[in-house]
Amino acid sequence: MPTDLNPYGGVFGGWLMSQMALGAGSLASREGKGKAVVVSASDFAFPGAMQVGDELSVYCDIVATGTTSLTIAAEAVARERNGEAETKVAQGTFKFVLLDENDRPRAVAQWA
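So, how was this worked out
- Residues numbered from 1 in each chain as written.
- Predicted model: local features only at pLDDT ≥ 70, side-chain atom pairs only at ≥ 80, totals over all residues.
- Heavy atoms only, no water.
- Helix = DSSP H or I, 4+ residues; strand = E, 2+ residues; numbered from the N terminus.
- Polar contact = N/O pair within 3.5 Å; in protein donor to acceptor, adjacent residues only side chain to side chain.
- Salt bridge = Lys/Arg side-chain N within 4 Å of Asp/Glu carboxyl O.
- Buried < 20%, exposed > 50% of the residue type's maximum accessible area, 1.4 Å probe, protein only.
- Expected span 1.5 Å × (residues − 1).
- Contact = heavy atoms within 4.5 Å.
- Core = buried A, V, L, I, M, F, W, Y, C linked by side-chain atoms within 4.5 Å.
- Pairing = 2+ DSSP bridges.
- Axes fitted to C-alpha atoms, helices over the stretch in contact; angles between N-to-C directions.

Digging into the side chain of Arg 79
Logical step 1: On the secondary structure map, Arg 79 appears in strand E3 (residues 69–79).
Logical step 2: Among the polar contacts made by the side chain of Arg 79, one reaches the main-chain carbonyl oxygen of Gly 83 at a distance of 2.8 Å.

Spelled out as structure tokens, the structure:
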């Protein structure tokens, strides 16, 4: 939407990152069977431009696990509004920590 544009008329990278965090968070919560919060974001690149009205798809994979964390790689792909052309517009990595019912970190092994 126009409110999601940077001053140059392109889709704001921060908006893309937030959509990617939502997708990665959904995977973390589903695989972790509970609350998962993002604690870091890294390795971001924006290789393509997204236009207002494009459809955005976010693809995520778990690439590493820690004692209480899941590291998830996310890729954002834009499809032109009135066609089939697709462009990779962003990629990055998120780290999530799994939390218990008291919002304390819990072991990843609990869900495996």
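Considering the pattern of salt bridges
Logical step 1: Taken as a whole and assessed by the stated rule, the structure comprises three salt bridges.
Logical step 2: Measuring nitrogen to oxygen at the nearest pair gives 2.7 Å for the salt bridge that ties Asp 103 to Lys 35. Placement of Asp 103 in the segment after strand E4 (86–98) and of Lys 35 in the loop between helix H1 (13–32) and strand E1 (36–45) is noted, with a sequence separation of 68 residues between them.
Logical step 3: The partly exposed category is assigned to Asp 103, whose relative accessible area is 44%.

Thoughts on H1
Logical step 1: Taking 1.5 Å of rise per residue, 20 residues should cover 28 Å, and H1 covers 28 Å from first to last C-alpha, within 8% of that figure.
Logical step 2: Taken residue by residue, H1 has Leu 16, Met 20, Ala 24, Gly 25, Leu 27, Ala 28 and Gly 32 as its buried positions.
Logical step 3: For H1, the secondary structure elements touched by its buried residues are E1, strand E2 (55–65), E3 and E4.
Logical step 4: Immediately beyond the C-terminal end of H1, within one or two residues, lies Lys 33, with a positive phi of roughly 55 degrees.

Notes on the nonpolar core
Logical step 1: Core analysis: the biggest nonpolar cluster contains 20 residues, and Ile 72 and Phe 96 have the highest contact counts within it.
Logical step 2: Mapped onto this core, the elements with two or more residues apiece are H1, E3 and E4.
Logical step 3: The residues contacting Ile 72, other than those within four sequence positions of it, are Ala 24, Leu 27, Ala 28, Cys 60, Asp 61, Ile 62, Val 63, Gly 92, Thr 93, Phe 94 and Phe 96.

Examining the sheet that holds E3
Logical step 1: Taken together, four strands build an open sheet; the order of strands is E1-E4-E3-E2 and the sheet is antiparallel. The sheet is open, and its two borders are formed by E1 and E2, each paired with just one other strand. Between one strand axis and the next, the sheet turns by 25 degrees as a mean value, whatever way the strands run.
Logical step 2: Pairing between E1 and E4: seven bridges, direction antiparallel. Bridging across to E4, Val 38 finds its partner in Phe 96.

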